[in-house]
Amino acid sequence: MVYFILKRMIQSVFVMLAVAFLAFSLFRFVGDPITQMTGVETSVADQERLREELGLNDPFVSQFIRFTGDMLQGDFGYSYRTRQPVADMITERVPATLELGVVALIISLLFGVPAGVYTALKPRGIWTQTILMTTLVGVSIPTFVIGIMLIFLFGVQLGWLPTFGRGGTVQIGNWESSLFTISGWRALLLPAITLGVYQLTLTMRLVRAEMMEVMRSDYIRFAMARGVPIRVLHYKHALVNTMVPVITIIGLQFGGVIAFSIVTESVFQWPGMGLLFLESIRFVDIPVMGVYLVVIAFFFVLVNLVVDLLYVAIDPRLRLRDVE
Amino acid sequence: MIAFLKKYEGLWLFVHSPLSIVAAMVATLIILGAIFAPWIALVNPYDLASFSLFDGLLPPVWQDGANPKYLLGTDDQGRDMISAILYGARLSLIIGLSALTIAAVIGVGLGLAAGYYGGRFDAVVMRIADVQLALPAILTALLIDGIARGILPTAIQQDLHVAVLTLAIALSLWVNFARTARATTFVQMNKEYVQAAIMMGQRPSRVMFVHILPNILGPLLVIMTVDLASAILLEATLSFLGIGLPADSPSLGTLIRIGMQFLLSGEWWILWIPTLFLIALVVSINILGDFLRDIFNPRLR
C-alpha cells in the first residue's frame, strides 16, 4: 500500500515536471522574452546586458532548474501585457473558476448517477429510450450553444437570471466567493448548468455502462437466485460496486470541467482563469499561458492522485493485492 | 466469409434502425451540400461583390417582409443565409476531415508501432499520451493556436489560419487513435496469423500495415466517426471563441459567433439557423457513431 502510494506520487511528479518543461519551452522559444520585455528604444547593448542579467545565456538545463525552483517558491514571473506578477493574476481568478467547476460537477453527479442507474435497470423502458436520445443530442450540442440557449431563454426572453458576471461576492481571506449572496447564486446558476450538462451526459453513460456490467456478473446472478429482494440487490449489491468507476469519473471529468470552463466563462463573461487564459492567447502573453498550464495540470494531477487513493479506501481488493 | 457475414449483418441492422437511416440521410445531405456549395449556393459569401447591403437582414420566407429569393433570409451584410451555411459547413468539414486524417495517421502509426514493438518504445509513446490526456482537447488546440501566433510573423498568420486550426485540432485528437490502435494490436499480436507472418520473416512494416491493420479497422472506424463529430465541435468552439477563423471566411462556428450579436434583437434567424444546422450535423454523425459502436461491440447490444 505504501509502495502503491509512493509509486503514484512519483508518477505525478513526473507529469508535473513534463508540464513544467512544456511551459518553460513555451516561455523560452515562443518569441524572444527580451524583445517582449523591452521597448523599441532599448539599445542592443542594453538588451544583451538584460539577457545576461536574467541568465538567459546560461545552459538550457540550468535555466530550466532555476525556472522550476522559482515556481516551487511561488514566483511565476510577470505578465508581458499587464506587467503584474502572474501569481497574483491567477490566484485572483482561481476562486471563480473552482466554484463554477465544483457546482457544475455536483449538478452532473446529482442528475447523472440516478439517470445512469435507472437506464441500466430498465433498459427497454420508454423513459430510458427518451433519456438516451436526449443525452445523445446533449453531447452533440457544443457547450457554447447550450450557454447561448440558456441566456436566450432565461436571460432575454424570461428575464429571470443575469447573463454575465458573478453577482455579489463576499471576501473570505484571499478567497472571493459568490456562494454566500443570493445575487451570486443567481449569476452562478446558468454558467454552472451550461458547464454541467455535457458532464452530466458523460456521467450518465459511464454509470449506465458500469451498472449493466455489474448486473451481468456472477455474484448478482447468484444473489438473485438466493432470493435477495430486488431493491437490496440493486442498491446494496450493485450500486456499491459501481462506486469505484463513479469516482474515476469525477477525476476524469475534472479536466473536462476546467477545459470547458474556458468556453463557459467566455460565453458568460465569468471572471475566472479560463477568461484570463483566452485573453493571454489573444495577446500572446506567454508567461500567463505557461502558468495557467502548470496550474491546471497541478489540479488535474492532484485530483487524480486523491482519486487513486480513494480507490484503495473504497475497494478492499486493492488493499489485499499488496499483502500477497 | 466471416467478414462478409459481418458486413451483411451490419447492413441488415442498419436497415432495421430507422434512426440511423435518418441520421445517415441528414449527414449525406449536408455533406453533399457542402461539396457542391460553389454550384448550388446563390451567392459566394467570400466575394463581397456577389451580395449587397440593400438585401441585409431579410427574414426567412415564412415571415413578413421576406424576399422569396432568400429562403432562410439574409444576415446584416446581405449574405444569403443558405449560401453562408453551405460554405460554412464546407469549411468546417474540410478542417474537420483533414484534422481527422492527420490525427488518424499519427495516432494509428504510433499505436501500431507501440503495440508491435512493445517495450521501451511503447512506454515512451504511452507516457506522451498520458501527458496529452492531462491536457483536454480544447486546451491543447488553444495552446497550439497561441504558439502559432507567437512564432509566425503576422503577415503569414492570415494565410495559415486554416492550416494552424487543422493542426491544432489534429494534435488534440491523435491520442484516441493511438490508444485504440495499441490496445487492439496487442490482442492481434498473439494470434497465429501474425506469429506466422513474423516467423516467415516478413518486414515489420508489412506485418503491421498489411496483416494487423485490416483486422483492427472496426474499432478505429468507430473512433473516426465519433472523433469527426468532436473535430467539428472543436472547430466550431474555437471559431466561436474568436481564436479560429476570421469573420471574412466564416465556418459554422464563426457564423454562430456573428449571430450572437443579434441575440438581443429580433433577427433570430442569423443566430439560430446556423446553430440548428451545426447541431443537426453533429447529432447525425454521433448517431451513426453509436450505431457503428453497437455493431463492432456486440456485447453492448
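The structure this text deals with has already been given above.
The following refers to the structure shown.

Bringing the overall build of chain A into the picture now. On a plain count of helices and strands, chain A comes out with 14 helices and two strands. The principal-axis extents of the C-alpha atoms in chain A amount to approximately 85 × 65 × 35 Å. For chain A, with 324 residues in total, the buried portion stands at 34%. Put simply, 72% of the contacts in chain A that link residues at least 6 apart link residues at least 24 apart.

On to the overall build of chain B, then. Across its full length, chain B carries twelve helices and zero strands. Listing every helix and strand of chain B by position from the N terminus yields α-α-α-α-α-α-α-α-α-α-α-α. Of the contacts formed within chain B by residues at least 6 apart in sequence, a portion of 69% connects residues at least 24 apart.

This paragraph deals with the environment of T74 of chain B. Residue placement: T74 of chain B occurs in the loop between α3 (37–40) and α4 (81–117). What makes T74 of chain B buried here is the crowd of 31 C-beta atoms within 10 Å.

Moving on: the nonpolar core. Ranked by internal contacts, the top residues of the largest apolar core, which has 149 residues, are Y292 of chain A together with I85, I138, I169 and L281 of chain B. Of the residues forming this core, the biggest block, 20 residues, is contributed by α4 of chain B.

This brings us to the interface of chain A and chain B. How large an interface is tends to be reported as the accessible area lost when its parts come together. Counting residues at the interface gives 32 residues for chain A and 32 residues for chain B. Among the secondary structure elements, those contributing two or more residues to the side of chain A that touches chain B are α1 (2–29), α6 (126–140), α7 (143–157), α11 (243–268), α12 (273–282) and α13 (286–314) of chain A. Residue contributions to the side of chain A that touches chain B peak at seven residues, all from α11 of chain A.

Among the secondary structure elements, D294 of chain B is positioned in helix α12 (residues 268–296). What makes D294 of chain B partly exposed here is the crowd of 17 C-beta atoms within 10 Å.

Here we take up the packing of helix α10 (residues 217–240) of chain B against helix α11 (residues 252–260) of chain B. All names here are of chain B. With their axes 7 Å apart at the nearest point, α10 and α11 run at an angle of 40 degrees to one another. For the element pair α10 / α11, the angle class is oblique. Regarding α10 and α11, the two cross each other, and that crossing is right-handed. Mapping the contact onto sequence places E235, A236, T237, L238, S239 and F240 in α10 and L252, G253, T254, I256 and R257 in α11. Each residue belonging to the contact of α10 with α11 can be placed in one class, and the counts come to five nonpolar, four polar and two charged.

A word on helix α2 (residues 18–35) of chain B. Residue and element names in this part refer to chain B. For α2, built from 18 residues, the straight-helix expectation of 26 Å at 1.5 Å per residue is met to within 8% by its first-to-last C-alpha distance of 26 Å. Along α2, the positions that sit buried rather than exposed are S20, A23, A27 and I30. Taken around the axis of α2, the buried residues stretch over an arc of 100 degrees, which confines them to a single face. Exposed residues on α2 whose side chains face more than 90 degrees from its buried face are P18, V22, M25, T28 and L32.

Criteria and thresholds
Residues numbered from 1 in each chain as written. Chains lettered and ligands numbered in written order. Predicted model: local features only at pLDDT ≥ 70, side-chain atom pairs only at ≥ 80, totals over all residues. Helix = DSSP H or I, 4+ residues; strand = E, 2+ residues; numbered from the N terminus. Buried ≥ 20, exposed ≤ 12 C-beta atoms within 10 Å, placed from the backbone. Contact = placed C-beta atoms within 7 Å. Core = buried A, V, L, I, M, F, W, Y, C linked by C-beta atoms within 7 Å. Axes fitted to C-alpha atoms, helices over the stretch in contact; angles between N-to-C directions. Parallel < 35°, antiparallel > 145°, perpendicular 65-115°, else oblique. Left-handed = near helix turned anticlockwise from the far one by under 90°. Nonpolar A, V, L, I, M, F, W, Y, C, P; charged D, E, K, R; others polar. Expected span 1.5 Å × (residues − 1). Arc of directions from axis to C-beta.

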